[in-house]
Protein chains: 2
Amino acid sequence: MECCLASLLRAPSLSIVLPGKSSRRSSSLHLRQLVGFHPSRCQKMFVPGFGEASPEAKAAANLHHFFTFLAIKIVLAQLQSYNREAYEELMEFVSRNSLNDGDQFCRRLMRESPRHKGLALRIMEVRSAYSKRDFEWDNLQMLAHKMVDESNTRLMRDYVKETSHIEDN
Amino acid sequence: MECCLASLLRAPSLSIVLPGKSSRRSSSLHLRQLVGFHPSRCQKMFVPGFGEASPEAKAAANLHHFFTFLAIKIVLAQLQSYNREAYEELMEFVSRNSLNDGDQFCRRLMRESPRHKGLALRIMEVRSAYSKRDFEWDNLQMLAHKMVDESNTRLMRDYVKETSHIEDN
């Protein structure tokens, strides 16, 4: 979408070229017609199997559960030092409930007892604050790019090493 | 890191205050000592249990596997229309091998046969191109923030509805 918008903004406006009339704009258009006008690349690779959702939405949903997991770890670490009772209660609840679905975990925690409800509200607040202020999104992107590059190089290097070794024997 | 740098840039330089000497800078320092000097917030929330790694690195590793999964889906969709034989071969390999570890999948695919090696190289190329050009990182961040906000609102609204209902009866 952004790509399409950017290409539209970059594309020079086209005017109707009348024969006999010559101007800088029309001669530039003629030149582009002669050399072939290539709009900037806009087509994205098609990823099937996501229906109405998108890979970004799927990744965001996974990150959402990950932020809840991190918020539980942050709150536990905070409680451990100054409120042992609440820490023990939350630890006991964590041992009994799966962390795979963050929202499901919070939903159950809120209904356990009024004290647990306070903990759930705190976890929800922390996951919101962490994802908006503390999580380094630029760093995530940089690390993911680096990881893909390094993995591709390593896989190819290992393969070459292995096949060279076979050829040597 | 950025936050620390910003606070350092904002913080006015401190000078040694000699008794008896008065200047605009020293009186400003005295004033700050009287009212209490609060540097801007720089401390991030501590997330325990990641050792030398970081939550960003963990999330990037998950995204890395996700990109491999997407690249396999993209290549399969491309092959389906113009190379049925290669499509069937890759589908058969996918049915026998787990997609949880993207690198492990590519490593095995490269060693299956020379034709499979070509497919593995293409998957590796696609995951790199997709993650760098086509994946909408800004959209991911926006969706994750929206998801946290909406989930928190929904969880609290459901709880209030439920407890109000109990009180009504």
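Residues numbered from 1 in each chain as written. Chains lettered and ligands numbered in written order. Predicted model: local features only at pLDDT ≥ 70, side-chain atom pairs only at ≥ 80, totals over all residues. Heavy atoms only, no water.

Going by the annotation in an unreviewed UniProt entry, the name recorded for chain A is Chaperonin-like RBCX protein 1, chloroplastic, with Dendrobium nobile given as the source organism.

Undergrad: Help me out: how do you make sense of the relation of the copies chain B and chain A in this one?
TA: Each copy of the chain is related to the other by a rotation around an axis and a translation along that axis. Of the transformation superimposing chain B on chain A, the axial component is 0.0 Å and the angular component is 180°, with the fit at an RMSD of 0.0 Å. The transformation just described matches what one would write down for a two-fold rotation axis. When C-alpha positions in chain B are compared against the rotation axis, the closest is assigned to W137 of chain B, at 4.3 Å. When the interface residues of chain B are mapped onto chain A, 98% of them again lie at the interface, so the same face is used by both copies. (Least-squares fit on C-alpha atoms with pLDDT ≥ 70 in both. Contact = heavy atoms within 4.5 Å.)

Undergrad: For this particular structure, what's the right way to read the interface of chain B and chain A?
TA: Think of interface size as the accessible area that goes away when the parts come together; that is how it is often given. The partner chain A presents 63 residues to the 62 residues of chain B that form the contact. Regarding the contact of chain B and chain A, the summed buried area is about 5900 Å², with carbon and sulfur atoms giving 66% of it. Of all residues in chain B, M45, E56 and L155 of chain B give up the largest surface area on contact with chain A, accounting jointly for 12% of the area buried on that side. On the surface where chain B and chain A come into contact, there are eight salt bridges. (Buried area = accessible area lost by both parts, 1.4 Å probe. Salt bridge = Lys/Arg side-chain N within 4 Å of Asp/Glu carboxyl O.)

Undergrad: What's the story with the nonpolar core in this structure? I'm lost.
TA: Across soluble globular proteins, nonpolar side chains have a tendency to be buried as a group. Within the largest apolar cluster, 73 residues are counted, with the highest numbers of intra-cluster contacts made by I123 and L140 of chain A together with L90, I123 and L140 of chain B. In contact with L140 of chain A, not counting residues within four places along its chain, are L63 and F135 of chain A together with E56, A59, A60, L63, W137 and L140 of chain B. (Core = buried A, V, L, I, M, F, W, Y, C linked by side-chain atoms within 4.5 Å. Buried < 20%, exposed > 50% of the residue type's maximum accessible area, 1.4 Å probe, protein only.)

Undergrad: Even after reading the chapter, I still don't get the environment of S164 of chain A, so can you show me in this structure?
TA: Residue and element names in this part refer to chain A. Note on placement: S164 falls in helix α7 (residues 137-168). With a relative accessible area of 30%, S164 lands in the partly exposed category. In this structure the side chain of S164 is engaged in a polar contact, spanning 2.5 Å, whose partner is the backbone oxygen of V160. (Helix = DSSP H or I, 4+ residues; strand = E, 2+ residues; numbered from the N terminus. Polar contact = N/O pair within 3.5 Å; in protein donor to acceptor, adjacent residues only side chain to side chain.)

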